[in-house]
Amino acid sequence: MHPALSVIIFNTFSGLGFGLLFWLGMGVLVPTGWAAFIWFVIAYLFAVGGLIASTFHLGHPERAIKAFSQWKTSWLSREGICAVFALITMAIYGAGLVFAGTRLGVFGVIGGLASLGVVFTTSMIYAQMKTVPRWRHWTTPAMYLILSLSGGALLAGQIKIAAVLLIIGGILQIFAWGTGDRRFVEAGTNMESATGLGHIGKVRAFEPPHTGTNYLMREFIHVVGRKHADQLRIITIGLAFVLPVVLLLLASNHLIAALAVISHIAGVLVLRWLFFAQAEHVVGLYYGKR
């Protein structure tokens with residue numbers, strides 16, 4: 001699928017922000033006063049900034065409010081509702097730390113879990129899509145949660161927690177790639193089923209369905225060369241997981257810790273680009289692109 005920059009930014013930074021909010025809510029980090037204000041500003045900049053970035057990919061951003069009404073059937077709607085609830089709850093929790101130096105534990109735990117709920121609902125927007133076999137797997141929500149938790153722990157300066165989660169995340173991502181590469185073929189969808197002409201025999205594309213591109217071709221058909229994909233995967237593992245862990249083990253000052261965060265973010269940006277660029281939508285079969 002087309003890797004839109006706005007969606008890549010959303011999936012990268014909102015996960016980091018809500019991951020940091022989770023650790024703040026769980027009390028792993030309990031700042032007060034101005035320190036608390038700074039921590040929550042950072043978390044909200046990542047979380048809210050990412051959510052705002054996602055609206056730039058909408059054809060009519062002004063209609064985004066309508067998504068909240070479809071919570072019974074839409075994971076996008078559930079994501080929006082969960083995000084509003086999490087942000088309000090964590091704002092109350094943060095206000096207690098900033099203005100009263102008091103930890104309102106109930107609000108923190110509820111808000112922290114709701115923050116993870118936002119990440120999970122975001123992942124399910126993709127994991128529930130039957131038309132993209134690579135995404136329709138338990139590794140999709142698992143990776144979203146692992147990246148959010150590890151990135152949040154990195155931002156919060158929790159070295160041991162972050163290192164363990166990054167190692168798990170790197171191994172899980174390699175597994176997700178390995179199984180995902182076979183999932184499109186294993187789904188059993190082919191040119192015959194895509195065109196509905198399988199009953200008359202083998203089908204092949206003689207000419208394109210139309211002379212120009214259309215919305216489906218722009219948004220749902222994107223082909224990445226295997227050589228480039230392999231190189232980008234190596235870069236992803238190196239930047240998002242390996243280098244941050246090495247830097248965390250060597251961490252002796254804030255500069256090295258900051259480099260670990262920057263490396264992880266850069267790696268996740270590449271990972272998210274691959275997440276979309278390698279997502280083979282079945283509509284590509286109709287156009288003879290798979």
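Preceding block: the structure.
For every chain, the first residue of the written sequence is number 1, and numbering continues from 1 along that sequence. In keeping with the predicted nature of the model, local features appear solely for residues at pLDDT of at least 70, side-chain atom pairs appear and are counted solely at 80 or more, and the whole-chain, interface and lining totals rest on all residues. Hydrogens and water are ignored here; the side-chain numbers use all heavy atoms of the structure.

Participant: Even after reading the chapter, I still don't get the environment of Phe 107, so can you show me in this structure?
Facilitator: By secondary structure assignment, the location of Phe 107 is in helix α4 (residues 105-127). By relative accessible area, which is 35% here, Phe 107 ends up partly exposed. Residues Phe 107 and Ala 86 lie 21 residues apart in sequence; the distance between their C-alpha atoms is 9.7 Å. Contacts between residues were defined by any pair of non-hydrogen atoms, one from each residue, lying within 4.5 Å. When residues no more than four places from it in sequence are discounted, the contact partners of Phe 107 are Thr 89, Met 90, Ile 92 and Tyr 93. In DSSP terms, a helix is any run of H or I states spanning at least four residues, a strand is any run of E spanning at least two, and both are numbered starting from the N terminus. Categorising residues by exposure relies on relative accessible area from a 1.4 Å probe, with only protein chains included: less than 20% of the type maximum marks a residue as buried, more than 50% marks it as exposed, and the intermediate range marks it as partly exposed.

Participant: Explain helix α3 (residues 75-99) here, please?
Facilitator: Each α-helix winds once per 3.6 residues, and so residues spaced three or four apart point in a common direction. With 25 residues, α3 extends 35 Å between its outermost C-alpha atoms, agreeing within 8% with the 36 Å of an ideal straight helix rising 1.5 Å per residue. In this structure Ser 74 caps α3, since a side-chain oxygen of it lies 3.2 Å from the backbone nitrogen of Leu 76. Looking one or two residues past α3, Gly 101 carries a phi angle of roughly 65 degrees, positive in sign. Every helix has an expected span of 1.5 Å times one less than the residues it contains. Polar contact criterion, stated in full: a pair of N or O atoms within 3.5 Å, where within protein one must be able to donate a hydrogen and the other to accept it, and residues adjacent in sequence count only if both atoms are side-chain atoms.

Participant: Even after reading the chapter, I still don't get a nonpolar patch on the surface, so can you show me in this structure?
Facilitator: Patch definition: residues with relative accessible area over 30% and no salt bridge; like charges joined within 9 Å; nonpolar side chains (Val, Leu, Ile, Met, Phe, Trp, Tyr) joined within 5 Å. Areas reported here follow the Shrake-Rupley algorithm with a probe of radius 1.4 Å; residue values treat only the protein chains shown as occluding. What makes a salt bridge here is a side-chain nitrogen of Lys or Arg within 4 Å of a carboxyl oxygen of Asp or Glu, nothing more. A contiguous nonpolar patch, built from Ile 65, Phe 68, Trp 71, Ile 81, Val 84, Phe 85, Ile 88, Ile 92, Leu 104, Val 106, Phe 107 and Ile 110 and spanning about 1,100 Å² of accessible area, is present on the exposed surface. The set of elements that each furnish at least two residues to the nonpolar patch consists of α3 and α4. Looking at which element gives the most residues to the nonpolar patch, the answer is α3, with five residues. Structurally, Phe 68 can be placed in the loop between α2 (33-54) and α3. Here Phe 68 falls in the partly exposed class, since its relative accessible area comes to 32%.

Participant: Even after reading the chapter, I still don't get the packing of aromatic side chains, so can you show me in this structure?
Facilitator: To describe a pair of aromatic rings, you give the distance between the ring centres and the angle between the ring planes. When the centres of two rings from Phe, Tyr and Trp lie within 6.5 Å, Trp using its six-membered ring, the rings pair. Their planes under 30 degrees apart give stacked, over 60 give edge-to-face, and anything left gives tilted. Considering all chains together, one arrives at 14 aromatic pairs under this definition. Between Trp 75 and Phe 120, the ring centres sit 5.9 Å apart and the planes meet at 85 degrees, which makes this aromatic pair edge-to-face. One end of the pair, Trp 75, is in helix α3; the other, Phe 120, is in helix α4, and 45 residues separate them in sequence. Accessibility expressed as a relative area gives 23% for Trp 75, which makes it partly exposed. Consider the rings of Tyr 144 and Phe 275, whose centres lie 5.9 Å apart with planes at 75 degrees: the pair is edge-to-face. Separated by 131 residues along the polypeptide, Tyr 144 in helix α5 (residues 139-155) and Phe 275 in helix α10 (residues 254-277) bring together distant segments of the chain. The rings of Tyr 126, Trp 135, Tyr 144, Phe 275 and Phe 276 are connected pair by pair, giving a single aromatic cluster. A cation over an aromatic ring shows up here: Arg 78 above the ring of Trp 75, its NZ or CZ 4.6 Å from the ring centre. Cation placement over rings: the criterion is NZ of Lys or CZ of Arg within 6 Å of the ring centroid and within 35° of the ring normal.

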